[in-house]
Amino acid sequence: MTMTQPPTVIRLLACAFGAGLTVTALAAGPATAQAEPQAHTQSASQSAARVHYAGSAEDAAANKAFFKAVVKSVAEKRAANPGAAQVTVTYNLSGAPSFRQQIANSTSIWNSSVTNVKLQATSGTGNFSYREGNDARGSYASTDGHGRGYVFLDYAQNQQYNSTRVTAHETGHVLGLPDHYSGPCSELMSGGGPGTSCTNPYPNANEKARVNSLWANGFAEALRKAEAALK
């Protein structure tokens, strides 16, 4: 969003960082009934904080850290094939059963949009995972700083925004894209900036090109770029 970030969200993020957790909060896409969210206890003020959350410098750094963690995990698992033309990034969705369809939609969207990286579900330990639940910060991508990351999908936010857009937006962080809340609805990483009426779950041409560039020449190049972006 483009509005000023509420103090309550700042405090929440500060607590998260104080606990050693790197988080990038989202404000993406009005949810479908597919998610079947469980009952939640967020207050109206917490809901408003989520809707109007506009991102911060801390989140920009978290985006980069999460991407680097995913790339590092991929590199470690595929060190025997560093010259692969296409990188496969695996994920486990067992922690987000309510969003199985939205995750499948997001995967299909990204796999049909880019050529240098492919998302693939696994029943084992993936390069990242999906989780679901209630969180006043809304949906976000997170890493513990040790090469493990996950996408968290918040029930309440996925009732307010298009759930596939939320999922595809958060997955965009996995692939290296930062938030850009001031962008138009046609830009996936504008998240919730355009408002709840925006239901577009597809990356635009620039976003596709950026992902392809980040993952060009296999994960070795992606890792180099990720590390350079953090300097």
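As the structure is a computational prediction, the values presented were derived from the model and not from experiment.

S.K.: How should the packing of aromatic side chains be read in this particular structure?
M.R.: The relation between two aromatic rings is expressed through the spacing of the ring centres and the mutual angle of the planes. Summed over the entire model, instances satisfying the criterion amount to 6 aromatic pairs. With a centroid separation of 5.1 Å and 15 degrees between ring planes, the pair formed by Tyr140 and Phe152 is classed as stacked. Taken together, the residues Tyr140 in strand β5 (residues 140-143) and Phe152 in strand β6 (residues 149-154) connect sequence positions 12 residues apart. By the burial criterion, Tyr140 is buried, and Phe152 matches it. Through a chain of ring-to-ring contacts, the aromatic side chains of Tyr91, Phe128 and Tyr130 assemble into a single cluster. Here Arg131 stacks its cationic end above the ring of Tyr150, 3.7 Å away from the centre of that ring.

S.K.: Which parts of the structure should I look at to understand the pairing of β5?
M.R.: Within a regular strand, the side chains alternate between the two sheet faces. Covered by surrounding structure in β5 are Tyr140 and Ser142 together with Ala141 and Thr143, the residues of both alternating faces. Where β5 lies against β6, 4 bridges are found, and the strand directions are antiparallel. Across the sheet, residue Tyr140 finds its bridge partner in β6, namely Phe152.

S.K.: For this particular structure, what's the right way to read the pairing of strand β4 (residues 128-133)?
M.R.: A large share of β4 lies buried, amounting to 5 of its 6 residues. In this sheet, β4 lies alongside strand β2 (residues 87-95) in parallel orientation, the contact comprising 3 bridges. Its bridge partner being in β4, Tyr91 is matched across the sheet by Phe128. Strand direction decides the pairing type here: β4 and β6, joined by 5 bridges, are parallel. Opposite Ser129, over in β6, you have Tyr150 as the bridge partner.

S.K.: Help me understand helix α4 (residues 100-113), please; the structure alone is not making it clear to me.
M.R.: Between its terminal C-alpha atoms α4 stretches 20 Å, which fits the 20 Å expected from 14 residues at 1.5 Å a residue. Taken as a whole, α4 has its buried residues at Gln102, Ile103, Ser106, Thr107, Ile109, Trp110 and Ser113. All buried residues of α4 fall inside an arc of 165 degrees around its axis, so they share one side. Those residues of α4 that are buried lie in contact with β2, β3 (117-121), β4, β6, α6 (163-174) and α7 (205-214).

S.K.: Is there a simple way to explain the pattern of salt bridges in this structure?
M.R.: When their charged atoms lie close together, side chains carrying opposite charge are able to pair. Counted according to the given criterion, the structure contains 1 salt bridge. Between Asp135 and Arg137 there is a salt bridge, with its nearest N and O atoms 2.5 Å apart. Residue Arg137 is classed as buried on the basis of its relative accessible area, which comes to 12%.

S.K.: I would appreciate a short explanation of the nonpolar core in the present structure.
M.R.: Nonpolar side chains in soluble globular proteins tend to be buried together. One finds Val89, Trp110, Phe128, Tyr130 and Trp215 to be the most contacted residues of the largest nonpolar core, which totals 33 residues. For this core, the secondary structure elements donating two or more residues are α3 (57-77), β2, α4, β3, β4, β6, α6 and α7. Examining the composition of this core, we find that 5 residues originate from one element, α3, more than from any other. When residues no more than four places from it in sequence are discounted, the contact partners of Tyr130 are Tyr91, Asn92, Leu93, Gly95, Ala96, Ile103, Val151, Leu153, Thr167 and Thr171.

Reading the values: the criteria
- The residue numbers shown here count from 1 along each chain, following its written sequence.
- Per-residue local features are limited, in this predicted model, to residues with pLDDT of at least 70; the limit for side-chain atom pairs, both in listing and counting, is 80 or more; totals at the level of whole chains, interfaces and linings are taken over all residues.
- The side-chain quantities take in all heavy atoms of the structure and omit both hydrogens and water.
- Planes of paired rings set the category: under 30 degrees apart is stacked, over 60 is edge-to-face and the rest tilted, where pairs are Phe, Tyr or Trp rings (Trp by its six-membered ring) whose centres lie within 6.5 Å.
- Numbered from the N terminus, helices here are DSSP runs of H or I no shorter than four residues, and strands are runs of E no shorter than two.
- Each residue is placed in one exposure class: buried if its accessible area under a 1.4 Å probe, protein chains only, is under 20% of its type's maximum, exposed if it is over 50%, and partly exposed if it falls in between.
- Should the NZ of a Lys or the CZ of an Arg lie within 6 Å of a ring centre and within 35 degrees of the ring normal, that charge is described as sitting over the ring.
- Pairing between two strands is assigned when DSSP locates at least 2 bridges connecting them.
- For a helix, the expected span equals 1.5 Å multiplied by the residue count minus one.
- Taking the helix axis as origin, the arc is that swept by the directions to the C-beta atoms.
- Pairs of residues are marked as contacts when any of their non-hydrogen atoms sit within 4.5 Å.
- By convention in these notes, a salt bridge is any Lys or Arg side-chain nitrogen within 4 Å of a carboxyl oxygen on Asp or Glu.
- Residues belong to a common nonpolar core when they are buried Ala, Val, Leu, Ile, Met, Phe, Trp, Tyr or Cys residues joined through side-chain atoms within 4.5 Å.

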